[in-house]
Every structure is written in C-alpha cells, then in structure tokens.
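Residues per chain, in single letters:
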Amino acid sequence: MCGICGTTNGRIDEMLRTLVHRGPDSGGSYTDGPISLGARRLSIIDLAGGDQPIENEDGSCVVVQNGEIYNYPELRRELERAGHVFKTRCDTEVHLHLYEEHGPEYPRLLRGMFAVALWDSRRRRLVLARDRYGIKPLYYRSVGATLEFASELRALPRGEIDLDALEGFLAFNSIPAPYSIFRDTRKLPAGHVLVWHDDGTLEVTRYARPGPLPVRHDDEAELVEELRARLRDSVRAHLLADVPVGVLLSGGVDSAVLAALAAQETGEAVHTFTIGFEERSFDERAEARLVAERYGTDHHELLVKPDPQLLFETLADVFDEPFADSSALPTYLVSQLATEHVKVALSGEGGDELFGGYYTYAADLIAQRFGGLAGLARPLVERLPTSTAKASFDYKAKRFVRAAHLPPLERHHGWKEIFSPELRAELRGATHAFDPVDVYRARYAETAAAPELARLQDVDFGIYLVDDLLVKTDRASMANSLEARVPFLDSVVTNFAFSLPTRQKVRGLSKKVLLRKAAEPLLPREVVHGRKRGFSIPAAAWLRGELAPFARATLSPETLRRQGFFEPSVVTRLIDDHVNGVEDRSRQLWGLLAFTLWHERHVEQEPPLLRSPRIDALVSS
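In this text, all values refer to a predicted model and were calculated from it rather than measured experimentally.

Criteria and thresholds
Residues numbered from 1 in each chain as written. Predicted model: local features only at pLDDT ≥ 70, side-chain atom pairs only at ≥ 80, totals over all residues. Heavy atoms only, no water. Axes fitted to C-alpha atoms, helices over the stretch in contact; angles between N-to-C directions. Helix = DSSP H or I, 4+ residues; strand = E, 2+ residues; numbered from the N terminus. Left-handed = near helix turned anticlockwise from the far one by under 90°. Contact = heavy atoms within 4.5 Å. Nonpolar A, V, L, I, M, F, W, Y, C, P; charged D, E, K, R; others polar. Core = buried A, V, L, I, M, F, W, Y, C linked by side-chain atoms within 4.5 Å. Buried < 20%, exposed > 50% of the residue type's maximum accessible area, 1.4 Å probe, protein only. Pairing = 2+ DSSP bridges. Phe/Tyr/Trp six-rings, centres within 6.5 Å; stacked < 30°, edge-to-face > 60°. Salt bridge = Lys/Arg side-chain N within 4 Å of Asp/Glu carboxyl O.

Turning our attention to the packing of helix 9 (residues 328-339) against helix 16 (residues 452-478). Packing of helix 9 against helix 16 leaves a shortest axis separation of 8 Å and a crossing angle of 40°. Both helix 9 and helix 16 take part in a crossing whose hand is right-handed. Contacts from Ala328, Thr331, Tyr332 and Ser335 in helix 9 reach Lys472, Thr473, Ala476 and Ser477 in helix 16. Tallied by class, the residues present in the contact of helix 9 with helix 16 amount to 3 nonpolar, 4 polar and 1 charged.

Dropping the structure here:
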C-alpha cells in the first residue's frame, strides 16, 4: 500500500511530502525529462526489496503503485515462462511485465485493488489505471500540456470550487466521480485507464465495467455452498502479506463472515477490532464479542465519547475534499486502534450492495406494489415524533412516504437524498442547472435488460460504494497508515453476486437472504439474523446535545458569509429544526459542518500534513 504521485512540472518532492501518512516506511522518486513519478510506501509484501519506483529489465519502463495484486504469484509464473526477468518479490513489479505483453489495457488481467502509474520512456507516454471497483483513489489535473496526479487531492494544486461538484455533495454528502471539488481536477473513474502523451494529449477509456450478469436459477442449497466457497477463496487471497492481517469487526454479518473465514484460514489468533458507543442502539460490541469468542480472536475494542472540536477537526484534516458520511468517525477510530497491532485489516465494504443489505432495497420492492398508497398515509406519518435512535421507524417511514410515488431510480435516490433540489436552491440562494441525479441516470441506463432491483443495486455499487464508502475506508485507514482490504470486492465474489435472482437477495423485509444462509454454519444466530450493523454513530443525538453549541459556532452567519456558499438564515433554521425535534436534520447538518471545516482547513489555509492524530480524549478503553 502506498501513496503515489507524478507531475510534468518538477515539484515531485513537495507532492511526496503531503503523502507520508500513506507510506511511512520509505519513499522514492524517478525523473525522465519532464516526467517525475513518486511513491511513499507502506511495506506489506517483500518488505526488503519492494521499494518504489520499480523499473523493468532495461529501464525503459518504470512503475509506482498504490494497492495490492492478489494474483501476482500466478501472473509472475506466466510472465517468467514468457521470458520476463523479475528483480523483486513485490507484486508491483508485475505491472511492468504485463504492460510489455499487453499494452495499456493490461489491468483487465489483475485481481486486486490498485491505482498505478507507469511511464514508458520509449513511447513517451504515461499510463494511469484504477482498479475495476474503485477501491484505491486516483486524482489527476490536466491544464494545457501539464499533467499532475496523486492518490489524494492534498498533493495537487488547489483551484476554483466546482459548483457542479458542490451540488453533488449537497445531494449525496460525497462527490461523485469524475468530479472533484476543484474545477481543474478530476477523479479517474473505477475501471478506467488514462494515457497521456508528452505532446500534452490524453485519452481516458474504460477497461472494465462490473455489473449485472445473466440470472442463475440453481438450487438454493448449491448456491449457499458455492457462495461460502467463493468467500473463503477471496479471504484466503486477501490474507496474502508478509505482515499480520486483522479484521475490522462490527456487529453485522459482513465483517463477521470475514472474521470467521480469516480465523479458519490462519494458523494463529486473528486480531479483531470493534468500536462501541454509550447510546445502546449504536453499540455493537456485544455482537462482535460473540464472534471473537467463538473463534478465539485477539479482540480489541474502544468505547467512543464525543469531543466536538477534536472530532470534527480531525475528520476535516483527514478528508482532502468535502466528505460527510458520519460513519467516517468510527472507521477512523477503529483504524487507529487496529494500526497499534497490525498493518493490514480486512473490511466488509461491498456486502450490502452485492447481496441486498439495505432497507432501501426492501422498500424498492414494496413500493413497486404499494407505492401508490403511500400518499394516503403521508399526513399521518409526517406527524410521527422524531427519534434519534439508529435507523428509527419514524425516519424510515417518512422517507418512504415522501418518495414512494416516484419512478424507480428517483424513488431509490429520494430515500437517501441529503438536500432536495428545493432545499439546495434555498440554501445556495439560486437554482443550479446541474442535476446530480444525472450521474445515477447515466449508470442506470447501462443496465436496461437487468431485473429492477439489480439495476438499483448496480447504481449503488458503481457510485455510492465507490464515492462514499470506499473513500471513507481509504482515507480513514490510510490516515493511520493502515491498509484496508475488502474481500467482497473480488471478481470471485462479485461475478457470483451479480448473477443472483432477486429472491436470493431480498424477500419481503428480509435482506441478504443467501448471504445469511451461507453464514449460518459460521456465526452465532444473533449475528446472522440480527438487524443491519456497521460502523455508525449517534449523530442525531449528538447534534441535539453535546455538539449543538459547536454546530452553531462553526456554522455561524459570519463564517457562512465569509465563505460565500450557503445562506445563513437557512442554515440557522435547519439547526433550530433539528435541536427542537421538528425534523431529523443530522445528515444535512453533518454535511454543512464537513464542508465548512474542510474549506477552513484546505482552502483558507495550506492543507494540513497528516501526522499521528491526537484523539486520546475521544476514547476510553
């Protein structure tokens, strides 16, 4: 795992300095005429010989990589039989020889997570590629004949705020690819390759597009056995490392399955890590302990207590562009806990999107049959008192009746929408021409032949997972110099999940039907059939209690007028509505806080260099 960067303007050392947290073990750079490549390394495989950049046999090609290639032993054997000579045991080197054999589309052969840059000095071209699932990030900035790229936005020049990206942030609480918060900088989308030539021209092409496959109708018992075998295969591959590997363990079935399989596949006790909260509906330590005790893991847990200023300033430092998924906080803290014991940890991202784990999927199917009746119930539902409990009934019911009458995609988005178009216009003081849901519509249009639920899962898989959950996991873990691996995002698993019929994913209100059946022999019943879990926080209660003064101070009219993006009177009303129990506005307020603090710390001043975070006051053991 690393942080990588490159430039055609010679400031490689300055860029590398901003990425030390991603690779504290070593750093290196390479320059050939106008092009410079750099890497900071967190050593996982071939600890002694894998420093980057790495050159091919004759020095004509050089590579830097952020990530891990899990099928590199097999690829290496094939390439050696073809006459290629390897200098290291590091997985990064396989990129060079695959490129020599197959050209810029070679990433389609890789099983793993990666963002990679390869300079071909003979052809005077630079190849950038990102893994098919978007697990590892890669930003690039092309202005005139100049190209710069990096694992994080903090390594690149700042610029004008992209108002389309801001509109997307207000709709989603994250910024969808290919946009970034700065107008001149873009994210390389998942499954894409960028080729830059030294005359300044570049092309971006898609080499992989995971998504719905023809539906299988095998016997359920056979599907259960096959899924368990495929998950075991993926976990075994993701344990490949020359350092210890742990598991980030919530109380849910996804991470619990990973912990169970990892424990069975290793010869010593696996380290597991869990975060807990004083508010009971958000505390998953009891369920996590059941799994840890069953498999005799070396279990570690923390109880989180909020400290408003430290909490938000830490997250504002960690995320290099506005990001407002509140579960970033526990993910950051559990990563810090893990990094005290291991360099690598498995995480459960992707299980919900692949196997039908969200409440919205059950709502999607219910609305197909009864959506027209929701309007009749809406006046009554809107009168329900507001709760601060996790996934409370009133919250889900209000979301359902407000969007159930819409077309499938708009309905699906409506249940998760942060600021509605009307509220965005009020907040911004004007209606913006760009509709962020068009990003969803473009993805949705590519799967017209698939079952409806599979199409909606695919939208989440290609956008929400990539631009929210994987961003969260990458930044929160790498800020602590921890490599997070995601075994559900492996073609061995995804190709199977993409072919499942709807009834094996969602039946009525039951979610993850097949995955839970596959997990039954591995896990305690309380975990297999428990309510949906994940690292999340009691944001609504905090913002109505301990964090309310901090929210008012941070979102003061003076600050908002200085930054110039949001109408102060609208923000004040949102705070008042939330604090007074009129409406749960926690997700909107978290987004406004995240943007405001990000702007203060990344735009109004030099972006911070990440060091060991000061969080002792946040936790108690």
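Attention now moves to the nonpolar core. In a soluble, globular protein the nonpolar side chains are often hidden away together inside. Counting 86 residues, the largest nonpolar core has Phe566, Trp590 and Leu592 as its most contacted members. A per-element tally of this core places helix 24 (residues 586-602) first, with 8 residues. Among all residues touching leucine 592, those that are not within four sequence positions of it are Phe419, Leu427, Leu555, Phe566, Val571 and Leu574. The next biggest cluster of nonpolar side chains, apart from the first, holds 85 residues, and it includes Leu354, Leu465, Val486 and Leu515.

To continue, consider the sheet that holds strand 7 (residues 125-130). Here 6 strands make up an open sheet; going across it, the order is 4-5-6-7-11-12 and the pairing antiparallel. Each edge of the sheet is formed by a strand with only one pairing partner; in this case those strands are strand 4 (54-55) and strand 12 (202-206). With 2 bridges joining them, strand 4 and strand 5 (residues 61-69) adopt antiparallel strand pairing. Within strand 5, the position partnered with glutamate 55 by the bridge is valine 62.

Within the structure shown, the criterion is met by 16 aromatic pairs. Ring geometry for phenylalanine 312 versus phenylalanine 550: centroids 5.4 Å apart, planes at 20°, classification stacked. Within this pair, whereas phenylalanine 312 is found in helix 8 (residues 308-318), its partner phenylalanine 550 is found in helix 21 (residues 548-554), the two being separated by 238 residues in sequence. Here the two residues phenylalanine 312 and phenylalanine 550 agree in accessibility, since each one is buried. A ring pair is formed by phenylalanine 355 and phenylalanine 488, whose centres lie 6.2 Å apart and whose planes are at 70°; its orientation type is edge-to-face. Of this pair, phenylalanine 355 sits in helix 10 (residues 351-355) while phenylalanine 488 sits in the loop between strand 17 (483-485) and helix 17 (491-497), and the two are 133 residues apart along the sequence. Residue phenylalanine 488 is classed as buried on the basis of its relative accessible area of 0%.

Further remarks concern unusual backbone geometry. Omega for the peptide link from glutamine 52 to proline 53 comes to 0°, which places this bond in the cis form. Considering the arrangement of structural elements, one finds proline 53 in the loop between strand 3 (35-41) and strand 4. Residues alanine 177 and proline 178 are joined by a peptide bond in cis, for which omega reads 10°. Here proline 178 shows up in the loop between helix 4 (163-172) and strand 10 (185-187). Of note in this structure, asparagine 173 is not a glycine but carries a positive phi near 65°. By secondary structure assignment, the location of asparagine 173 is in the loop between helix 4 and strand 10. A relative accessible area of 5% places asparagine 173 in the buried class. Notably, lysine 512 is not glycine yet its phi reads approximately 50°, a positive angle.

This brings us to the side chain of histidine 21. Along the chain, histidine 21 turns up in the loop between helix 1 (12-17) and strand 2 (26-32). Histidine 21 has contacts with Glu152, Arg154, Met478, Ala479, Ser481 and Leu610, leaving out every residue within four places of it along the chain.

The next subject is the pattern of salt bridges. Tallying each qualifying case throughout the model produces 51 salt bridges. With its nearest N and O atoms 2.8 Å apart, the salt bridge here joins arginine 424 to glutamate 167. Of the two residues, arginine 424 is situated in helix 14 (residues 421-428) and glutamate 167 in helix 4; the sequence distance between them amounts to 257 residues. Sharing partners across several salt bridges, the network here consists of Arg22, Lys136, Glu152, Arg154, Asp320, Asp474 and Arg475.

This part is about the sheet that holds strand 10. Remark on secondary structure: sheet strands pair via backbone hydrogen bonds, oriented parallel or antiparallel. The sheet built from 6 strands is open, its strands ordered 2-3-1-9-8-10 with antiparallel pairing. Looking along the sheet, the strands with just one partner apiece sit at the ends: strand 2 and strand 10. Pairs of neighbouring strands in the sheet enclose a mean axial angle of 15°, with direction left out of account. Direction of pairing for strand 2 relative to strand 3: antiparallel, over a ladder of 7 bridges. The partner of aspartate 32 across the bridge, within strand 3, is isoleucine 35.

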